[in-house]
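So the chains spell out like this:
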Amino acid sequence: MNSVSIFTFNQAKHTNLAILGTACFVCQKISDELLRCGQCKRVSYCSTECQAADHEGHDKVCEALQRAPKTTPSFLRRMIFERGNTPYDLEPDIYLLYAEEEKVFDDLFKDMHMGRIHRDFLLYEPRCAVCLRSADDMRDLYAPEFTSLLHCSDCRAAFACSEEHRAQYLDEHSRELEDGESFTECELNKRAYEHSLEIVTRGWTKGETFFYPLRLKPEYTPLPSSWDEWFADPFNLCPPNSSPVLNRIRTKQLSIPMTILYGMELFDKAAGDLPLLTSRTELEIAVVGANEFELKFGGLACFEEILHSLPSLRRLTVRLINPEIICGLIGSEGLNREAMDWEPCALCKEKGVEFVHSIHPQLFHEYMEKPIRFNLKEGMIQDAPAQLPDIAVVFNSGMGLKYEERSHWSPTLEILAEHGVPTLCTAFLKREAEEDTDYLNMHRCNIVIERHKNPWRSEALTKMVMMRKYFFTYNGFIQGFRGLRERDEELELVDRSESPVITKELLAMMLNATLTFRGL
Ligand SMILES: [Zn+2]
Ligand SMILES: [Zn+2]
Ligand SMILES: [Zn+2]
Ligand SMILES: [Zn+2]
Ligand SMILES: [Zn+2]
């Protein structure tokens, strides 16, 4: 479960708790006697030695942390926090505060490559779980001497502005979470620290967390039933220095090919007389709504696992289709060349299999009408007429977001359903997956893979930035359709409009997505 964006760095040096100020910023130690910097009141150290070790690096951070809150005038803070809105309604405002404060960081760190890591201080600023006030808000509005929020003594990652709010939150904090795999928020927070500590102490490198076994399956064998079994299988070459925590981190990237393979197996089980997907010699996959998730974390490397698992396959074509895909390609670390120039591994080359891939900054229906390809040499170019993919995958789209009955997903779903393209849809959260089901039903998509928890979901739960709570997981739930349902079949549309939480949660997720696109 990762909880902070420091994990997008090659070498993460600070745990999530160090960023939150409840673990030593230098040695990551947890202690009840941490020394908090008296200036920024944010960064903590376990000892004067650790503080001295960070002296040079902290100066600039300290300055930024002191200067950033001043971008918000007190009257604005008062307006936000004293109008009596629910925390859900406050979140967009807090995002605006963040955007202002970020400018200070950008300004101070503009010449340094380290800018992003320091911005984690803003993204994960501790806020009261009940009223969402941060220590800065408390200082500005009520008590200039206020130092820091109270934190849960167990997980150290949940905060409260007062004893009263702490007591109010305690019950929720120690209750089992929805979609939380029977974990409480407190337990998940503890795992998040475990997770981030492992990365920091091991010194995170791409090679360690992006793992794809370099081996070819001699014959097609169905997937096992869980990640644990998969990692335990010697054939999958899990490195001997691995650990359960590291394996959980690895599932984030591996979830992409494994979810596709799993979906292909399920479509094959329901295929009847239709040709099977898992025994094809050529396969074209359209990743509809592809984004950073498919590009950044190992880039196209992850699709090789499909080539490695299906021995009959001689050619794999992957089309990454999304108007916003260029944002994913150009992160803050520059252009992601790997996502554009991926060469298959030596084993694939030796076998003589082909791996074709292309990037199309379009909506799927636009791509089907008039495909445009993006590449490094030529930029945007008109492409040859598109052919229907053998399988389409729509990862974590939130297509069922109840804003309007028809959205830009409608023409895409219509084409996919009309032409009988097996289409796999995943969602971060159960409630989102339920909304997707409604949306698919609304478009008469013939659901052949019923919505269920995806065994090949990412085990690295992610905590939403700026939120005081909520974890989500990539590819958490899965469902799939093939073709159109007969017109006379009953629609089973469920009205879920009475639940206001959903919209807010999705809004939060959109904010998170926006940040992701901005390379945070
Ligand atoms: Zn220390
Ligand atoms: Zn400081
Ligand atoms: Zn509070
Ligand atoms: Zn806790
Ligand atoms: Zn390969």
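Residues numbered from 1 in each chain as written. Chains lettered and ligands numbered in written order. Predicted model: local features only at pLDDT ≥ 70, side-chain atom pairs only at ≥ 80, totals over all residues.

**Here we look at the overall build of the chain**
And then number 1: Each helix and strand counted, the chain has 20 helices and 17 strands in total.
And then number 2: A buried classification covers 43% of the 520 residues belonging to the chain.
And then number 3: Considering only contacts in the chain between residues 6 or more positions apart, those separated by 24 or more positions represent 73%. (Helix = DSSP H or I, 4+ residues; strand = E, 2+ residues; numbered from the N terminus. Buried ≥ 20, exposed ≤ 12 C-beta atoms within 10 Å, placed from the backbone. Contact = placed C-beta atoms within 7 Å.)

**Structural notes on the pairing of strand β12 (residues 391-394)**
And then number 1: Side chains of β12 alternate between two faces, with Ile391 and Val393 and Ala392 and Val394 buried alike.
And then number 2: As paired elements, strand β5 (residues 282-288) and β12 share three bridges and run parallel to each other. Each bridged residue has a counterpart across the sheet, and for Val287 the counterpart in β12 is Val393.
And then number 3: Of the pairings in the sheet, the one linking β12 to strand β13 (residues 423-427) comprises three bridges and is parallel in character. Paired with Val394 across the strands is Cys425, a residue of β13. (Pairing = 2+ DSSP bridges.)

**Quick look at the packing of helix α9 (residues 185-202) against helix α12 (residues 244-269)**
And then number 1: Taken N-terminus to C-terminus, the directions of α9 and α12 make an angle of 95°; their axes are 10 Å apart at the nearest point. Here α9 lies roughly perpendicular to α12, going by the angle between them. Between α9, through Glu194, His195, Glu198 and Ile199, and α12, the contact on the second element is made entirely by Val245, Leu246, Arg248 and Ile249.
And then number 2: Residue composition of the contact of α9 with α12, grouped by class: four nonpolar, one polar and three charged. (Axes fitted to C-alpha atoms, helices over the stretch in contact; angles between N-to-C directions. Parallel < 35°, antiparallel > 145°, perpendicular 65-115°, else oblique. Nonpolar A, V, L, I, M, F, W, Y, C, P; charged D, E, K, R; others polar.)

**Some points on helix α19 (residues 430-442)**
And then number 1: For α19, with 13 residues, the first-to-last C-alpha span of 18 Å sits near the 18 Å given by 1.5 Å per residue.
And then number 2: Listed in full, the buried residues belonging to α19 are Glu432, Ala433, Glu435, Asp436, Thr437, Tyr439, Leu440 and Asn441.
And then number 3: Those residues of α19 that are buried are in contact with β13, β14 (445-453) and β17 (477-484).
And then number 4: Positive backbone phi, approximately 55°, marks Arg444, located one or two places after α19. (Expected span 1.5 Å × (residues − 1).)

**Regarding the UniProt feature "domain: MYND-type" (unreviewed entry) in the chain**
And then number 1: Per the UniProt record, "domain: MYND-type" (unreviewed entry) is found at residues 24-62.
And then number 2: Each end of residues 24-62 is marked by a C-alpha atom, and these two atoms are 15 Å apart; helix forms 36% of the span and strand 10%. (UniProt positions renumbered as here; feature names shortened; annotations may be inferred.)

**A few points about unusual backbone geometry**
And then number 1: A positive phi is found at Arg444, a non-glycine position, where the angle reads about 55°.
And then number 2: Inspection of the secondary structure assignment puts Arg444 in the loop between α19 and β14.
And then number 3: Residue Arg444 is classed as partly exposed on the basis of its C-beta count, with 18 C-beta atoms lying within 10 Å.
And then number 4: At Asn475, a residue that is not glycine, the phi angle is positive and equals roughly 55°.

**Quick look at the nonpolar core**
And then number 1: Counting residues in each nonpolar core, the largest one holds 102 residues, and the members touching the most others are Val287 and Val393.
And then number 2: Looking at this core, the element that brings in the most residues is α12, giving eight residues.
And then number 3: Setting aside residues no more than four positions away along its own chain, Val393 makes contact with Ile260, Gly263, Ile285, Val287, Val288 and Leu424.
And then number 4: Membership of the second largest hydrophobic core comes to five residues, among which are Ile199, Val200, Leu246 and Ile249. (Core = buried A, V, L, I, M, F, W, Y, C linked by C-beta atoms within 7 Å.)

**A closer look at the pairing of β17**
And then number 1: Of all the eight residues making up β17, six are buried; the element is thus mostly covered by neighbouring parts of the structure.
And then number 2: As paired strands, β13 and β17 are joined by five bridges and run antiparallel to one another. Following the sheet pairing, Cys425 is matched in β17 by Gln479.
And then number 3: Where β14 lies against β17, five bridges are found, and the strand directions are antiparallel. In the strand pairing of β17, Ile447 is matched with Phe481.

**Here we look at the environment of Pro422**
And then number 1: For Pro422, the location among the structural elements is in the loop between α18 (409-418) and β13.
And then number 2: When the 25 C-beta atoms within 10 Å are taken as the criterion, Pro422 is described as buried.
And then number 3: Along the sequence, Pro422 and Ile391 sit 31 residues apart, while their C-alpha atoms lie 5.0 Å from each other.
And then number 4: In this structure Pro422 touches Phe267, Leu277, Ile391, Gly480 and Arg482, once residues within four positions along its chain are discounted.

**Some details on helix α8 (residues 163-173)**
Since one α-helical turn is 3.6 residues long, residues separated by three or four positions face the same way.
And then number 1: Those residues of α8 that fall on the buried side of the exposure criterion are Arg166, Tyr169 and His173. Axial view of α8: buried residues confined to an arc of 80°, hence all on one face. Seen from the open side of α8, the exposed residues pointing more than 90 degrees away from its buried face are Glu164, Ala167 and Asp171.
And then number 2: Next to the buried residues of α8 lie β3 (150-151), β4 (159-160) and α9. (Arc of directions from axis to C-beta.)

**What about the environment of Phe477?**
And then number 1: The residue Phe477 is located in strand β17 in this model.
And then number 2: We classify Phe477 as buried; it has 24 C-beta atoms within 10 Å.
And then number 3: Excluding residues within four positions of it along the chain, Phe477 makes contact with Thr426, Ala427, Lys430, Ala433, Arg451, His452, Lys453 and Asn454.

**Section: the confidence of the model for the chain**
A low pLDDT score tells you not to read the predicted coordinates there in detail.
And then number 1: Chain-level pLDDT for the chain is 83 on average; 82% of the residues reach the 70-or-more range.
And then number 2: Predicted confidence for residues 1-10 stays below pLDDT 50, and this span has 38 contacts to residues more than four positions away or in other chains.
And then number 3: For the stretch residues 497-508, pLDDT sits under 50, and the model shows twelve contacts to residues farther than four places along the chain or on other chains. (pLDDT = per-residue confidence, 0-100.)

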